[in-house]
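A look at the structure
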Amino acid sequence: MNSSKSNRMIAEIKPKDQEALLKMLRKIKFNQVTRNAVLRNEKDHIIYDAQFGVSVRRGVSLTKDTCQNVDVFKFLVNFLLKFSPDARCSTINVNYMRDYETNGDAMITHVDSKNVGKGYLLSVGDFTGGKLNTFFGSVDTHNKLYECDMTLAHKPGIFTGER
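Residues numbered from 1 in each chain as written. Predicted model: local features only at pLDDT ≥ 70, side-chain atom pairs only at ≥ 80, totals over all residues. Heavy atoms only, no water.

**Some words on the packing of aromatic side chains**
For the structure on display, the rule yields four aromatic pairs. Within the aromatic cluster, the residues linked to one another by ring pairs are F75, F79 and F83. Over the face of the ring belonging to F127 we find R163, whose NZ or CZ atom lies 5.7 Å from the ring centre. (Phe/Tyr/Trp six-rings, centres within 6.5 Å; stacked < 30°, edge-to-face > 60°. Lys NZ or Arg CZ within 6 Å of the ring centre and 35° of its normal.)

**A few points about the nonpolar core**
In terms of nonpolar packing, the biggest core is built from 18 residues, with L25, I28, F52, L76 and V94 touching the most fellow members. Other than its neighbours up to four places away in sequence, L76 contacts L21, L25, F52, I92 and V94. Within the second largest apolar cluster, five residues are counted, among which are L132, V139, C148 and M150. (Core = buried A, V, L, I, M, F, W, Y, C linked by side-chain atoms within 4.5 Å. Buried < 20%, exposed > 50% of the residue type's maximum accessible area, 1.4 Å probe, protein only. Contact = heavy atoms within 4.5 Å.)

**Looking at the sheet that holds strand β9 (residues 137-139)**
Pairing within the open sheet is antiparallel, and its three strands lie in the order β9-β8-β11. Sheet topology places β9 and β11 (154-156) at the edges, where each strand pairs with a single neighbour. Averaged over all neighbouring strand pairs, the angle between strand axes comes to 25°, with direction disregarded. Here strand β8 (residues 132-134) runs beside β9; their pairing, made up of three bridges, is antiparallel. When the sheet's bridge partners are listed, N133 is paired in β9 with S138. (Pairing = 2+ DSSP bridges. Helix = DSSP H or I, 4+ residues; strand = E, 2+ residues; numbered from the N terminus. Axes fitted to C-alpha atoms, helices over the stretch in contact; angles between N-to-C directions.)

**Thoughts on the packing of helix α2 (residues 15-25) against helix α4 (residues 70-83)**
Look at α2 against α4: their axes get within 10 Å of each other, and the N-to-C directions meet at 155°. Here α2 lies roughly antiparallel to α4, going by the angle between them. Considering how the two elements wind past one another, α2 and α4 form a crossing that is left-handed. Across the interface between the two elements, D17, A20, L21, M24 and L25 of α2 pack against D71, V72, F75, L76, F79, K82 and F83 of α4. (Parallel < 35°, antiparallel > 145°, perpendicular 65-115°, else oblique. Left-handed = near helix turned anticlockwise from the far one by under 90°.)

Everything listed here is a matter of coordinates, which is why it stays silent on function.
Structure follows, in C-alpha cells:
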C-alpha cells in the first residue's frame, strides 16, 4: 500500500471556511481526558476531547456531546459533506491540544482500533508543525481535509500553538 491509497487529500480549506469552523468549535465545552493507549505519560499531557455522533457502549444512542451541542454536530456533518459529499461516518471526534512541543514526546504511535471504515482528518487553528506521522510518511493536515485509515499506526507531530 502506498501513501496515496492510505492518505488522500480531499480539499484545502479556505480562510472563510476555517473561520466558520473555528467559531463553531469554540462553542464546545471540551472534556478533559487521558488515554493510556495514546499518551506516554498522562500526567504530562492532557487532550481535550468531544465525541459527536453515535455511541454503542450501552446500546445505540447519541453521544452526550451530540445532545449538548446539536448545532455544532449539524455544522460538522454539513462541513464534512460540503467537501466530501459521499463521506459516511458514525462519529466525529474533536480534539483540542495546546503547545504539544512543551510537553515533549507525549504521544505514542497508536492505532484507532475501534474505527470502522474511512476516517477524515483536519487540523485547524493557529499553530506550526503538527504533521500526522504515519508508516507511509508525514501528512500536513493543517487546513487540509484528508481521508485517512486511522486503524494504521500514526502519531501527531510536535507543534506549537493551539490546534
